[in-house]
Amino acid sequence: MSEREPGFGTQDVHGASTDPPANRPVSLPVYHAAGWSFADLAQVDAIYEDAIAGAIYGPDGSPNLLALESLIARLEGAQTCIATPGGMAAFAAFFFSLLRPGDRIVAAQALYGNTTWFLDHMAQFGVTTEHVDTNDLKAVEDALSRGARIVVLETISNPLLRVADIPALAALTRGRDALLLVDNTIASPYHCRPLALGADCVLESATKFLGGHHDLVLGALCGAEKLLAPVRRLALRLALAPGAFDAWLTVRSIASLEVRMQRSAANALALAGWLEQHPKVRRVHYPGLASHPDHAIARRVLERGFGSVVSFEFDGGAAAFDALLSKLRRIALVLSFGGVQTTLSHPAKSSHRALTPERRAALGIHDGFVRMSVGIEDLADLQADLAEGLRAL
Ligand SMILES: *Cc1c(COP(=O)(O)O)cnc(C)c1O
């Protein structure tokens, strides 16, 4: 009996071949698959029991996700990595799986705005946070003596670019059985590997330097398999995984991480030195400058340079900022950072907008405070653009 030709409704579902070609592509294809098929129940058992590598459902086991996670784990020197749909999703997975009502967090005073918001939000689950100046080791020690499950801080803080003494802080947390979670977004694994310095877990917002092009939102957590096992369980059950295309795009971007970071950090160092000499600039914040309060720490904690973010201050407030911006031809006002293009942000109007003016003033953030994410353009063009902008002040 000749086989019946499948109907249209069957053809449109099953007509596309899913067979891979006989030879290998140079880059991993994007696997847009949310479901996976099994040859038999023995294969189901083997994949569930990790006897063979395979995917079960949704993002779990997606080749693009696994490729990304193994790549980031390698760069961070970590046993394992969990990629998430954003840096904030990484915080959510970590806190919701490891914290219990009554637990206390000790956090840096200067944190990314959404991180501070989320720590406040955890209060409704009975988790409280004490903020301390994490550059004051005595203050951290005092806070730890009142008990803490997790200490949260950033390798390089935003926008003052203070550098955390991770080895000293890790020694304190280890002595108190607290976990040290380091948000390494501004440094990226190119400039700092917090796990090698004693941190228990490192978080990256790959939206910034790892992604590098302002075209994706993605996060990652790295650390020991044992610590992160419950975090992975929660992330899998709550589908806190990036889509295949974003994972693919991030792998593609990370291929150029070193050359991007080398170039942008060299540009940043040169611009920071030049801005420091500029008569219209009141103050420059950059860990690579001898004038930075944490320059000595930065030389110990950071590798291969001092990062690509430079903050600077001038007189004249918001009107002066707009005057500067209006003269810039290539440098745009973008409220993120880490791209190949040089961008400015205005912390008082964006990342630190929710704070009271008094709190901002205490941190030293005013309307003439600019954070610049330096890109990979020609240094001479960036300097010319800034010179023109500063002339308007
Ligand atoms: C952007 C950012 C985050 C949040 O990451 P998303 O990818 O936007 O969710 C966390 N920490 C720092 C330091 C950031 O800059």
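Conventions used here
- Residues numbered from 1 in each chain as written.
- Predicted model: local features only at pLDDT ≥ 70, side-chain atom pairs only at ≥ 80, totals over all residues.
- Heavy atoms only, no water.
- Helix = DSSP H or I, 4+ residues; strand = E, 2+ residues; numbered from the N terminus.
- Rg over C-alpha atoms; globule rule 2.2 N^0.38 Å.
- Buried < 20%, exposed > 50% of the residue type's maximum accessible area, 1.4 Å probe, protein only.
- Contact = heavy atoms within 4.5 Å.
- Areas by Shrake-Rupley, 256 points an atom, 1.4 Å probe, with all protein chains shown as cover.
- Lys, Arg positive; Asp, Glu negative; His and termini not counted.
- Charge placed at Lys NZ, Arg CZ, Asp CG, Glu CD.
- Pairing = 2+ DSSP bridges.
- Axes fitted to C-alpha atoms, helices over the stretch in contact; angles between N-to-C directions.
- Near = heavy atom within 4 Å.
- Polar contact = N/O pair within 3.5 Å; in protein donor to acceptor, adjacent residues only side chain to side chain.
- Phe/Tyr/Trp six-rings, centres within 6.5 Å; stacked < 30°, edge-to-face > 60°.

Participant: Where do I start with the overall build of the protein chain in this structure?
Facilitator: Counting its regular elements, the protein chain contains 15 helices and 12 strands. Radius of gyration (C-alpha) of the protein chain: 24 Å, near the 21 Å computed for a compact globule of 393 residues. Each of the three principal axes of the protein chain carries a C-alpha extent, and together these read 90 × 50 × 35 Å. By residue count, 48% of the 393 residues in the protein chain fall in the buried class. Sequence-distant contacts in the protein chain: of pairs separated by 6 or more residues, those separated by 24 or more amount to 71%. Only carbon and sulfur atoms are counted for the fraction: they give 54% of the accessible area of the protein chain, which is about 18700 Å². A distance of 6 Å separates the average location of the 35 positive side-chain charges in the protein chain from that of its 41 negative side-chain charges.

Participant: Sorry, what's going on with the sheet that holds strand 12 (residues 369-373) here?
Facilitator: In any sheet, the strands associate via hydrogen bonds between backbone groups, in a parallel or an antiparallel arrangement. Pairing within the open sheet is mixed, and its five strands lie in the order 8-9-12-11-10. For this open sheet the edge positions go to strand 8 (283-285) and strand 10 (332-333), each flanked by a neighbour on one side alone. Of the strand pairs in this sheet, strand 8 and strand 9 (residues 309-313) are connected by three bridges, and their pairing is antiparallel. By the bridge assignment for strand 9, V284 is matched with F312.

Participant: What am I meant to see in the sheet that holds strand 6 (residues 201-205) here?
Facilitator: Taken together, the seven strands give an open sheet; going across it, the order is 1-7-6-5-4-2-3, and neighbouring strands pair in mixed fashion. At either end of the open sheet lies a strand with only one pairing partner, and these are strand 1 (80-84) and strand 3 (128-132). Across the sheet, the mean angle from the axis of one strand to that of its neighbour is 20°, orientation sign disregarded. Summarising the sheet, strand 2 (residues 104-108) and strand 4 (residues 150-154) pair through three bridges and their orientation is parallel. If you follow A107 over to strand 4, its bridge partner there is V152. Docked against the sheet, helix 3 (residues 63-76) engages strand 1, strand 6 and strand 7 (219-223), running at close to 125° with respect to strand 1.

Participant: Just checking my understanding: could you explain the site of the ligand for this structure?
Facilitator: Inspection of the region around the ligand gives 13 residues, with G87, D183, S205, T207 and K208 positioned closest. G87 places a main-chain nitrogen or oxygen 2.8 Å from an oxygen atom of the ligand. The side chain of K208 places a nitrogen or oxygen atom 2.7 Å from an oxygen atom of the ligand. Starting from 380 Å² of accessible surface for the ligand in isolation, the protein chains cover 92%.

Participant: Could you clarify how one ought to interpret the packing of aromatic side chains in this entry?
Facilitator: Two aromatic rings, taken as a pair, are described by how far apart their centres are and by the angle between their planes. By the definition in use, this model includes eight aromatic pairs. Their ring planes at 20° and their centres at 5.6 Å tell us that F95 and F118 sit as a pair that is stacked. Residue F95 is located in helix 4 (residues 87-98), and its partner F118 is located in helix 5 (residues 113-121); the two are separated by 23 residues in the primary sequence. Measuring from centroid to centroid gives 5.4 Å for F96 and F125, while their planes differ by 90°, and the two rings are edge-to-face. Of the two residues, F96 sits in helix 4 while F125 sits in the loop between helix 5 and strand 3, which places them 29 residues apart along the sequence. On the basis of relative accessibility, which here comes to 36%, the residue F96 falls in the partly exposed class. Grouped by ring-pair contacts, the aromatic residues F91, F94, F95, F96, F118 and F125 constitute a single cluster.

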